[in-house]
Amino acid sequence: MDAPSAGSAFEDLLEALSPSSDNKFFNLAKLGGSKYDALPYSIRVLLEAAIRNCDGFLVKKEDVMNILDWKSKQNNVEVPFLPARVLLQDFTGIPAMVDFAAMREAVKTLGGDPKNVHPACPTDLTVDHSLQIDFSKCAIQNAPNPGGGDLQKTTSKLSPLKVQPRKVSCRGQTACRGPCDTGELGRNSGKFSAQIENTPILCPFHLQPVPEPETVLKNQEVEFGRNRERLQFFKWCSKVFKNVTLIPPGTGMAHQVNLEYLSRVVFEEDHLFFPDSVVGTDSHITMVNGLGILGWGVGGIETEAVMLGLPVSLTLPEVVGCELIGSSSSLATSIDVVLGITKHLRQAGVAGKFVEFFGSGVAQLSVTDRTTIANMCPEYGAILSFFPVDNVTLKHLEHTGFDKDKLASMEMYLKAVKLFRNDQGSSVEPEYSQIIQINLNSIAPSVSGPKRPQDRVAVSDMKNDFQACLNEKVGFKGFQIAADKQNDVVPIQYEGIEYKLSHGSVVIAAVISCTNNCNPSVMLAAGLLAKKAVEAGLRVKPYIRTSLSPGSGMVTHYLSSSGVVPYLSRLGFEVVGYGCSTCVGNTAPLPETVLNAIKEGDLVACGVLSGNKNFEGRLCDCVRANYLASPPLVVAYAIAGTVNIDFQTEPLGTDPQGRNIYLCDIWPNREELHQVEEEHVIFSMFKELKEKMEKGNKRWNSLDAPDSILFPWDSKSTYIRCPSFFDKLAKEPVSLQPIENAHVLLYLGDSVTTDHISPAGSIARSSAAAKYLTNRGLTPREFNSYGARRGNDAVMTRGTFANIKLLNKFIGKPAPKTIHFPSGQTLDVFEAAELYQREGIPLIILAGKKYGSGNSRDWAAKGPYLMGVKAVVAESYEKIHKDHLIGIGIAPLQFLPGENASSLGLSGREQFSFSFPEDLSPGVTLNIKTSTGKVFSVIASFENDVEITLYKHGGLLNYVARKFS
């Protein structure tokens, strides 16, 4: 599809960046004057994108003026947004790339040139959701430490941290070139090599460079074996599609890589300057808003639409101004600040709004602090939290290796379009929908849990709060443990030593990728705390599942070069790999003896992790209490072995001399933390990170992938399959056909979410997807997950409506079942749909209010479409899902106000017939006739001409395939 001519309707706003420059930009202030000056910075970015892409069809002049009149139009109008680029992660990105590959086939069939099929905008795909922790500890973890003590002293050249001498045996660290036979740490350690080849880490017992630690090596081997077909497909995509950049496995998280490597802040394209902006298939795209880049997560179909040259549609949002004043306590980490702000914003009610930060407190926050705050948007419900570019941002970019000339041009452009915030404020401040004020002085160290991330607990109140949770009735916080059972202790034997488990015992402690690991201060704080703990003779009990999964190699790099990795590893926090792991439930099983003890004592065992999502049972079914904490607190609770502790009055443990060691004794102060951060988070780390990303890794580089223009689909593959979206595609769209004698596939109630519709999680052994895979010769252990098989439409269609919580009124109880009315059989939803399709019977779905609510998911629309669903008739829709239905070719029909299936006397067992008028227009009323003779009216929920055009073509994919042909 051809991109619209850039700014064709507003060329009069183009002007040179400087008198001697060929670079141009749209001077937005010329259009709006004082009205523009009053706009929030985030709305200015929306306005620039609308002006630059105004073509009279996808983006109209009316849209531009609506954005300019934001103050009066907020919440009242839909506006289009064409972001500068797209970011995909592998689980949600693979269906989009499979669709592009299939579209090449369709274009060729229609007589077009398949080589013309490419994403219309820069598209970055990060393989980061495939990692599972098959190996969580290497052989050297928890090595004997008789009597406690310190690690062997190293040279001052190696690390700024002083380490005391001691002997300990090395247990065969892979690739370690140290004096393993002597058992001495660092005797011949030499100078740390600045060239990090693969995963920059040191042997924890010799501080010698180790390119691939044992756990990383093993996990990557399994990852590449398990996902080889998908990875080969991704590599083919990176070869044949223009505008596609592939970030291989082992590099880092999508939002982390987005922040550290992919972000431009300002785009320069054909001598035109414009703001960087991004949408992507991950809720934490919002992280880049801390860098002054407008971005948020959307569903797979919206992302595909942008890749195909269509805009995202959004209601012009309210913008909440968040004024930060004061400064935080020296004991409060960045995570405490994040969770404190998160709590305030959640209480303020910012769901569905933009949040924009200003005030004296903003200048005190580093860019990494800002990105951490912005990354928590999903937890307080805002669409995004925006920090405009200021001097702190520019200084950060300079330190991370941005070209100085480009940085100067960037600053010039941002100031010219008034997208640069002056630290001292300006004479004209933006007008906001509302202003809330947060005093950073009020923020104290806290954790969140034990069941929901929004339930914050001050660390000083942790013990009392946990005991209260034991007493309370089962609910959002309570566990309802009988008073006479709350002090129960269950002894266990582990590695020949007896330990005792009780309520509050920590069994999982994970410093993981995601919100926290982008912030050097909190990660270094964890490392420095670990150093002091080891030096004091403290250690973590070996049965606790500890892990360290950094967001990128950069994190490991600065942890290594600052000398804290040996101490983290000594406490069990060894790097296990890069990607989603514990946070998404990919934790290695707990030791059998621990599982048995938890079950025997009905214990409320605990997991502590430094992520941003943690719910009951998320980490492990048997771990009921789950807390979010900053990385240093994760380490502290792991050392304590329990959350049932008052750090102010109770010791973490004792040193070899029997003296009590308290948290305050080993907590790093801000001055030493700042010194180490300044010395090690430097330009060289970002430079080496970029080199690592661009070079890939040995496994990825050696992976074979075809060079053909069309993807050579393997009929035997159970991961990658050419979908059937284009099977009956004609050169020109046919007129809208009537839907006659349709049966109801499902009769649903209110608030059916995309979790009920879309395939997700593990593949149940009794499911239709499992039967399909079994027939292909796979065993249950080879099923993998729906997420891993999103590139196979046969699996995903069979997993649609396969949720065991689905309540279909035909069945009367939760089950992924329905009735095939011609035969009267009760079948799996897919099996019934398949039978209907064989009989040539179209299908519809009856639903109540808020159909499709929850997270937007592409397969929640694609699955029903491939099942043969032609329309959904509901009382109301979640807007994003309704857009998805139109985008895939399903008609969203809505009962008239006050009516529903029940009030109309519909049983769902009838057959339904209706047709569309030739001049289909937004909001037109249709008449539906049933096989019982009843006639009722519904509204066709199309909101504009673009949606009607897409539907007439049979959906977005068909529309674009015809354009390419």
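Residues numbered from 1 in each chain as written. Predicted model: local features only at pLDDT ≥ 70, side-chain atom pairs only at ≥ 80, totals over all residues. Heavy atoms only, no water.

(A) Representation of the overall build of the protein chain. The number of helices and strands found in the protein chain is 33 helices and 36 strands. Sorting the 965 residues of the protein chain into buried and exposed places 62% on the buried side. In the protein chain, 75% of the contacts between residues at least 6 apart in sequence involve partners at least 24 apart. By element, 48% of the accessible surface of the protein chain is carried by carbon and sulfur atoms, the whole surface being about 35,300 Å². (Helix = DSSP H or I, 4+ residues; strand = E, 2+ residues; numbered from the N terminus. Buried < 20%, exposed > 50% of the residue type's maximum accessible area, 1.4 Å probe, protein only. Contact = heavy atoms within 4.5 Å. Areas by Shrake-Rupley, 256 points an atom, 1.4 Å probe, with all protein chains shown as cover.)

(B) Expanded view of helix α20 (residues 592-601). Listed in full, the buried residues belonging to α20 are V594, L595, A597, I598 and G601. Projection of α20 onto a plane perpendicular to its axis shows the buried side chains occupying an angular sector of 165°, all on one side. Counted as exposed and oriented over 90 degrees from the buried face of α20: E592, K599 and E600. Close packing links the buried residues of α20 with β20 (489-494), β21 (497-502) and β22 (506-511). (Arc of directions from axis to C-beta.)

(C) Molecular detail of the pattern of salt bridges. One pass over the full model with this rule turns up 34 salt bridges. Here D37 makes a salt bridge to K418, at a shortest N to O gap of 2.8 Å. Taken together, the residues D37 in helix α2 (residues 34-37) and K418 in the loop between α15 (404-416) and β17 (434-439) connect sequence positions 381 residues apart. Residue K418 is classed as partly exposed on the basis of its relative accessible area, which comes to 33%. Among the salt bridges present, the one from E429 reaches R421, with a minimum N-O distance of 3.5 Å. The network of salt bridges with common partners includes E78, K879, K882, D883 and E943. (Salt bridge = Lys/Arg side-chain N within 4 Å of Asp/Glu carboxyl O.)

(D) Quick peek at the packing of aromatic side chains. Using the criterion set out here, one finds 26 aromatic pairs in the structure. Centroid distance F100 to F241: 5.9 Å. Interplanar angle 80°. Geometry classified as edge-to-face. Residue F100 is found in helix α6 (residues 90-109), and its partner F241 is found in the loop between α8 (228-240) and β8 (244-247); the two are separated by 141 residues along the sequence. Judged by its relative accessible area of 1%, F100 falls in the buried class. The exposure class of F241 is buried, given its relative accessible area of 4%. Seen from the ring of Y36, R44 lies directly overhead, with NZ or CZ sitting 5.3 Å from the centre. (Phe/Tyr/Trp six-rings, centres within 6.5 Å; stacked < 30°, edge-to-face > 60°. Lys NZ or Arg CZ within 6 Å of the ring centre and 35° of its normal.)

(E) Summary view of the sheet that holds strand β15 (residues 354-358). One open sheet holds the four strands; their spatial order is β16-β15-β14-β17, and the pairing between them is parallel. The two strands at the open ends of the sheet, each matched to only one other strand, are β16 (384-386) and β17. For this sheet, the mean inter-axis angle between neighbouring strands, taken without regard to orientation, is 25°. (Pairing = 2+ DSSP bridges. Axes fitted to C-alpha atoms, helices over the stretch in contact; angles between N-to-C directions.)

(F) Quick peek at the side chain of E910. Tracing the backbone shows E910 in the loop between β33 (891-895) and β34 (912-914). We note that E910 is buried and unpaired, the nearest opposite charge coming from R909 at a distance of 7.9 Å. Looking at E910, its side chain comes within polar contact range of the main-chain nitrogen of G908, at 2.8 Å. Those residues within four positions of E910 in sequence are excluded, and the remaining contacts are A742, H743, V744, G905, T930, S931 and T932. (Lys, Arg positive; Asp, Glu negative; His and termini not counted. Polar contact = N/O pair within 3.5 Å; in protein donor to acceptor, adjacent residues only side chain to side chain.)

(G) Inspection of the sheet that holds strand β11 (residues 277-280) at higher detail. Strand order in the open sheet formed by five strands is β8-β5-β4-β11-β12, and the pairing between neighbours is parallel. In this open sheet, the two strands that pair with only one neighbour each are β8 and β12 (294-297). Each adjacent strand pair in this sheet contributes to an overall mean axis angle of 15°, direction not counted. Looking at chain direction, strand β4 (residues 85-89) and strand β5 (residues 123-126) are connected through four bridges and run parallel. Bridge assignment links L88 to a residue of β5, and that residue is L125. Each of β4, β5 and β11 is contacted by helix α10 (residues 300-307), which is oriented at about 140° to β4, the strand it contacts most.

(H) Focus on unusual backbone geometry. For the bond running from G449 to P450, omega is 10°, close enough to zero to count as cis. In this fold, P450 is placed in the loop between β18 (446-448) and β19 (456-458). Even without being glycine, E495 reaches a positive phi, approximately 55°. With respect to the helices, strands and loops of the structure, E495 is situated in the loop between β20 and β21. In this structure, F801 is a non-glycine residue whose phi angle is positive, near 60°. Structurally, F801 can be placed in the loop between α28 (793-799) and β29 (817-820).

(I) Highlighting the packing of helix α3 (residues 41-52) against helix α4 (residues 61-68). In contact at an axis separation of 9 Å, α3 and α4 are set at 165° when each is read in the N-to-C sense. Between α3 and α4, the interaxial angle falls into the category roughly antiparallel. Note that α3 runs across α4; the crossing there is left-handed. On the side of α3, the interface is formed by I43, L46, L47, A50 and I51, while α4 contributes V64, I67 and L68. For the contact of α3 with α4, the per-class residue count stands at eight nonpolar, no polar and no charged. (Parallel < 35°, antiparallel > 145°, perpendicular 65-115°, else oblique. Left-handed = near helix turned anticlockwise from the far one by under 90°. Nonpolar A, V, L, I, M, F, W, Y, C, P; charged D, E, K, R; others polar.)

(J) The arrangement of helix α27 (residues 768-775) in detail. Along α27, the positions that sit buried rather than exposed are A768, A769, A770, Y772 and L773. Its buried side turned inward, α27 meets α28, β30 (825-828) and α29 (829-838). A positive backbone phi angle near 90° is found at G777, which sits one or two residues after α27.

(K) Broad picture of the confidence of the model for the protein chain. Averaged over every residue, the pLDDT of the protein chain is 84; residues scoring 70 or more account for 83%. Across residues 1-7, where pLDDT falls below 50, the model places 19 contacts with residues more than four positions away in sequence or in other chains. Low confidence marks residues 580-586, where pLDDT is under 50. Its contacts with residues over four positions away, or in another chain, come to 27 contacts. (pLDDT = per-residue confidence, 0-100.)

(L) Broad picture of the nonpolar core. Core analysis: the biggest nonpolar cluster contains 193 residues, and M103, F233, L745, F801, Y851 and L893 have the highest contact counts within it. In terms of residue count, the dominant contributor to this core is α6 (10 residues). Once you skip the residues sitting within four places of it in the chain, L893 turns out to touch A871, V872, V873, A874, Y877, F914, L926, I928, V938, I939 and A940. Judged by nonpolar contacts, the second largest core, of 103 residues, contains L470, L524, A525 and A526. (Core = buried A, V, L, I, M, F, W, Y, C linked by side-chain atoms within 4.5 Å.)

(M) The arrangement of the environment of T372 in detail. Following the sequence through the fold, T372 ends up in helix α12 (residues 367-374). For the pair T372 and M287, spaced 85 residues apart in sequence, the C-alpha to C-alpha distance is 6.5 Å.

(N) The environment of D336, seen in detail. One can find D336 in helix α11 (residues 334-348). When the C-alpha positions of D336 and A444 are compared, they lie 6.6 Å apart, and in sequence the two are 108 residues distant. Sequence-distant contacts of D336, that is, excluding residues within four places in its chain, are made with L331, I443, A444, P445, S446 and R456.

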